[in-house]
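Descriptive analysis of the structure
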Amino acid sequence: MNNPKIWLSSPHMGGNEQKFVNEAFDTNWVAPLGPNVNGLEHDLESCLGNQSQVGALSSGTAAIHLGLILLGVQAGDEVLCQSMTFSASANPILYQGAIPVFIDSETDTWNLCPIALEEAIVDRIATGKTPKAIIAVHLYGVPYQIDEIRTIADKYGIPILEDSAEALGSSYKGQKCGTFGDIGVLSFNGNKIITTSGGGAIVTRTKELKDRAVFFATQSRDDAPHYQHSEIGYNYRMSNICAGIGRGQMEVLDDHVALRRKMHAFYVDLFKDIATVTVFEAPNDDYFANYWLSSIVVEPDAVKGINREALRLAFEQANIECRPLWKPMHLQPIFEKYPYYGSTVAETLFENGLCLPSGSNLTNEERERIAGVVRRVFGL
Ligand SMILES: *Cc1c(COP(=O)(O)O)cnc(C)c1O
């Protein structure tokens, strides 16, 4: 196996990241605050628009945790959460001692099913508890059914925590993802559309709420000359070094979104004559997806014996990284005891779905290797 590994999604520097990091060293701002932190927040606010307020944090997971705290989620409360997602969407519910209630996906965007969501809300209210928040995810950068989910949230007065960790650069009807929730969440982990090596951000609708998030993220220090604390604090702020990487990355965000979308178009073309494979696409022109990861569903072909697993193993053999879709949370050992509403949409997607190499830095040669595996497996 001499072929170098092709990664699912690897960091892709634009060029100016080191300049911002060097500036941090030159001015000795080597701390979880400084000009790069403020600069990155400003860049994100301009990018998102809609009067967004952004607080840079140590991770997207930290942003979800603080988002739940800002929405008043406490021990024993119930939180509705999309089941088909990365575990980081749901873990902070347990950090708060709250109870996750998982919801199935619909087939158009693979995100929260509005019907299952409303069924869950009605049922939970009937048992005496109105859920405290809805965690909605834009999976693989495809926006969830924004209007339908908002209508239900407003009907029952439940706030939305928008997990936009995979959707920086995506939009719906021209409005940027990250700005639809009562609170939004971004991630800059190493494999995301842009990276700060590790990091995230919380997006709020008011300056007061952003300040409150930053207060919690810096150990909840009261205004006093000594260290005085009236509330539980966290060490969740982003470092000025990481933020420097982020400022360089923001300069190339649009280019990288275009390159990810080009990868997606490559897969649409590659699989166009293969009847048993469907490339996951946004349902219509209202949805603009960054296609953070390009994904497919492989209908098992009993005659030829080709299914998702056969294709995955063929890629693995060729030293090409690919992954099944996120395993739904209601099927995870840690979460299976919690309530679940819906049917088997997420479960079926998990069984037959595959994420393919999607990085903005893939070369023609690498695309040719990927195409070679597909042609071989499907006998083209
Ligand atoms: C990556 C991711 C997160 C967590 O972000 P981190 O920065 O890795 O903590 C949360 N939700 C989803 C859907 C993600 O993909």
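A quick note: this is a predicted structure, and the numbers were derived from the prediction, not measured.

Here we take up the domain arrangement of the chain. Interface size is often expressed as the accessible area that is lost when the parts come together. By the assigned domains, the chain splits into domain 1 (17-252) and domain 2 (254-378). Computed over C-alpha atoms, the centres of domain 1 and domain 2 are 26 Å apart. Listed by partner, the interface residues are 44 residues for domain 1 and 39 residues for domain 2. Carbon and sulfur atoms supply 65% of the area buried between domain 1 and domain 2, which totals about 3800 Å² over both sides. Joining domain 1 to domain 2, the criterion identifies zero salt bridges. Joining domain 1 to domain 2, the criterion identifies 24 residue pairs in polar contact (both at pLDDT 80 or more). Counting residues per element, the ones that place at least two in the side of domain 1 that touches domain 2 are helix H4 (91-95), strand S3 (99-103), helix H5 (114-126) and strand S6 (171-172). For the side of domain 1 that touches domain 2, the class distribution of residues is 22 nonpolar, 13 polar and nine charged.

Time to look at the nonpolar core. Leu44, Leu117, Tyr140 and Leu168 are the most contacted members of the largest nonpolar core, which has 62 residues in total. Considering every element that reaches this core, the biggest residue donor is helix H2 (residues 35-48), with five residues. Domain assignment of the residues forming this core places at least three in each of domain 1 (17-252) and domain 2 (254-378). If we skip the residues at most four places from it in the chain, Leu168 touches Leu44, Cys47, Leu48, Leu186, Phe188, Ile193, Ile194, Met250, Leu253, Val257 and Asn290.

Okay, the site of the ligand next. In the vicinity of the ligand, 16 residues are found, and the nearest of them are Thr61, Asp163, Glu166, Ser187 and Lys192. Here an oxygen atom of the ligand sits 3.1 Å away from a polar atom, N or O, in the side chain of Lys192. At a separation of 3.4 Å, an oxygen atom of the ligand approaches a polar backbone atom of Gly199. Coverage of the ligand by the protein chains reaches 95% of its 380 Å² of free accessible surface. For the shell around the ligand, the element with the highest residue contribution is helix H3 (residues 60-70), accounting for three residues. Of the residues in the shell around the ligand, the class split is five nonpolar, eight polar and three charged.

Relative to the helices and strands, Glu106 is located in the loop between S3 and H5. Judged by relative accessible area, Glu106 falls into the buried class, the value being 9%. A C-alpha to C-alpha distance of 14 Å links Glu106 and Gly353, two positions 247 residues apart in sequence. Residues contacting Glu106, with those up to four places away along its chain left out, are Asn111, Leu112, Cys113, Pro114, Gln145 and Val345. In this structure the side chain of Glu106 is engaged in a polar contact, spanning 2.5 Å, whose partner is the side chain of Thr109.

What follows deals with helix H6 (residues 146-156). Taken together, the buried positions of H6 are occupied by Ile146, Ile149, Ile152 and Ala153. Down the axis, H6 shows its buried residues gathered within 140 degrees of arc, on one side only. Away from the buried face of H6 by more than 90 degrees, exposed residues Thr151, Asp154 and Lys155 are located. For H6, the elements touching its buried residues are H5, strand S4 (133-137), strand S5 (160-163) and S6.

This part is about the sheet that holds strand S7 (residues 175-176). Strand order in the open sheet formed by three strands is S7-S6-S11, with antiparallel pairing between adjacent strands. Unpaired on one side and paired on the other, S7 and strand S11 (287-288) mark the two borders of the sheet. The pairing of S6 with S11 spans two bridges and is classified as antiparallel. If you follow Ser171 over to S11, its bridge partner there is Phe288.

Quick look at the side chain of His264 now. Mapped onto the elements, His264 comes out in helix H9 (residues 253-270). In contact with His264, not counting residues within four places along its chain, are Val279, Phe280, Glu281, Tyr291 and Ser294.

Right, let's talk about helix H7 (residues 207-217) for a bit. Three or more residues of H7 are buried, namely Lys210, Ala213, Val214, Phe215, Phe216 and Ala217. Residues of H7 that are buried sit in contact with H2, strand S1 (53-57), H3 and strand S9 (200-204). Following H7 by one or two positions, Gln219 adopts a phi angle in the positive range, close to 70 degrees.

Parameters and conventions
Residues numbered from 1 in each chain as written. Predicted model: local features only at pLDDT ≥ 70, side-chain atom pairs only at ≥ 80, totals over all residues. Heavy atoms only, no water. Domains from an automatic or database assignment. Contact = heavy atoms within 4.5 Å. Buried area = accessible area lost by both parts, 1.4 Å probe. Salt bridge = Lys/Arg side-chain N within 4 Å of Asp/Glu carboxyl O. Polar contact = N/O pair within 3.5 Å; in protein donor to acceptor, adjacent residues only side chain to side chain. Helix = DSSP H or I, 4+ residues; strand = E, 2+ residues; numbered from the N terminus. Nonpolar A, V, L, I, M, F, W, Y, C, P; charged D, E, K, R; others polar. Core = buried A, V, L, I, M, F, W, Y, C linked by side-chain atoms within 4.5 Å. Buried < 20%, exposed > 50% of the residue type's maximum accessible area, 1.4 Å probe, protein only. Near = heavy atom within 4 Å. Areas by Shrake-Rupley, 256 points an atom, 1.4 Å probe, with all protein chains shown as cover. Arc of directions from axis to C-beta. Pairing = 2+ DSSP bridges.

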